[in-house]
Amino acid sequence: MALTDYQTALVTGASSGIGAATVQMLAARGLKVHAVARRLDRLLALKECGDVVPHALDMQERDALYDVLGDLDVDILVNSAGVGSQFDPFQELDPDKIDATLTTNVAGTVHAVRAVSPGMVAQGRGHIVNIGSIFGLHAISTAVYGASKAAVHRFSQDLRHDLKGSGIRVTEVSPGRAATEIFATMTDDAKAQGAMVDGFEIITAEDVAEAVVWALDQPWRVNVSLIELTATEQIPGGVTIHPVTSR
Ligand SMILES: NC(=O)c1ccc[n+]([C@@H]2O[C@H](COP(=O)([O-])OP(=O)(O)OC[C@H]3O[C@@H](n4cnc5c(N)ncnc54)[C@H](OP(=O)(O)O)[C@@H]3O)[C@@H](O)[C@H]2O)c1
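Residues numbered from 1 in each chain as written. Predicted model: local features only at pLDDT ≥ 70, side-chain atom pairs only at ≥ 80, totals over all residues.

Asks: Where do I start with helix H5 (residues 143-162) in this structure?
Replies: Each α-helix winds once per 3.6 residues, and so residues spaced three or four apart point in a common direction. The end-to-end C-alpha distance of H5, which contains 20 residues, comes to 27 Å, matching closely the 28 Å that a straight helix rising 1.5 Å per residue would cover. Along H5, the positions that sit buried rather than exposed are Tyr145, Ser148, Lys149, Val152, Phe155 and Ser156. Axial view of H5: buried residues confined to an arc of 110°, hence all on one face. Counted as exposed and oriented over 90 degrees from the buried face of H5: Asp158, His161 and Asp162. For H5, the elements touching its buried residues are helix H4 (95-123), strand E5 (126-131) and strand E6 (168-175). (Helix = DSSP H or I, 4+ residues; strand = E, 2+ residues; numbered from the N terminus. Expected span 1.5 Å × (residues − 1). Buried ≥ 20, exposed ≤ 12 C-beta atoms within 10 Å, placed from the backbone. Arc of directions from axis to C-beta. Contact = placed C-beta atoms within 7 Å.)

Asks: When you look at the sheet that holds strand E2 (residues 32-37) in this model, what are you seeing that I'm missing?
Replies: What holds strands together in a sheet is hydrogen bonding between their backbones, with the strands either parallel or antiparallel. With respect to topology, seven strands assemble into an open sheet ordered E3-E2-E1-E4-E5-E6-E9, the strand pairing being parallel. Each having just a single partner strand, strand E3 (52-56) and strand E9 (226-229) make up the two edges of the open sheet. Between one strand axis and the next, the sheet turns through 15° on average, direction left out of account. As defined by bridge partners, E2 adjoins E3 across five bridges and the pair is classed as parallel. Directly across from Val36, in E3, lies its bridge partner His55. (Pairing = 2+ DSSP bridges. Axes fitted to C-alpha atoms, helices over the stretch in contact; angles between N-to-C directions.)

Asks: It is not clear to me how the site of the ligand should be interpreted in this structure. Could you clarify?
Replies: With respect to spatial proximity, 30 residues lie near the ligand, and among them Gly13, Gly17, Arg38, Arg39 and Gly82 are the closest. If one sorts the elements of the shell around the ligand by residue count, helix H1 (residues 17-28) sits on top with three residues. Its residues assigned to classes, the shell around the ligand comprises twelve nonpolar, twelve polar and six charged. (Near = placed C-beta within 6 Å. Nonpolar A, V, L, I, M, F, W, Y, C, P; charged D, E, K, R; others polar.)

Asks: Explanation requested: the packing of H1 against helix H7 (residues 205-216) in the structure shown.
Replies: Each pair of packed helices can be described by the angle between their axes along with the distance between the axes. For the pair H1 and H7, interaxial distance at closest approach is 8 Å and the crossing angle is 55°. Judged by the inter-axis angle, H1 sits oblique to H7. Considering the relative orientation of H1 and H7, their crossing is right-handed. Contacts between H1 and H7 involve Gly17, Ile18, Ala20, Ala21, Thr22 and Met25 from the former and Ala205, Glu206, Val208, Ala209, Val212 and Val213 from the latter. Grouping the amino acids of the contact of H1 with H7 by side-chain chemistry returns nine nonpolar, two polar and one charged. (Parallel < 35°, antiparallel > 145°, perpendicular 65-115°, else oblique. Left-handed = near helix turned anticlockwise from the far one by under 90°.)

In structure tokens, the structure reads:
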């Protein structure tokens, strides 16, 4: 079941970053791609890349999500919609932003899978790719975002059990810091946004999308369950080794 065997994909978070890069690569490979996000103008621009069908949708709106996604027959679902962590100390976090993070990153991902998986089960094949994060695999900082991505990790891995025997493959792609617009969802401070992409050569949205497409392109016998990728100079945790002076 390599990419050439798939015909139709659905990508959430398609208006920018990793989702947009994935839409472009899948459309270039000849797939019909349903592109989902809130900014319709961005989605319409993707039609230049190939057979792209835009769907304006807020992933936090559960009923609308099922109305839009539940009607689509797709072979591939790439869940890339997400918002970043807030820079504020936890005790000062805006409760609305906590809800937006959990609803978009966790509930949106779970409901998207719930909406499209019946069609995949009926046709006996499909491939679900969830974009997690190194924050879901390692304790780094920002507990709410970390919790949301840890949930995506657990969900992705347990989904393999739940869908066992259905013909559906499940892949989690968990990147480190990538140069996208996500930092604008984390802070209004342009200097702080810039600091996230300066200082070392970070990975690009295209680097992550290449990993997604590589997983999709494997032969049927291969399920790529987890890809973690970071910049060469980014190490999760950023451990500093001090000389041992006593035990
Ligand atoms: N960039 C990084 O450093 C990094 C690292 C690890 C993991 N990730 C993960 O990668 C995924 C993609 O992020 P990105 O880096 O590509 O950031 P991005 O450029 O900001 O893209 C985020 C996408 O999610 C969509 N989105 C956000 N909230 C939404 C909502 N309520 N309803 C529908 N769509 C929504 C945005 O579209 P609209 O605003 O148009 O709705 C946009 O298309 C996220 O899950 C993120 O957590 C990113």
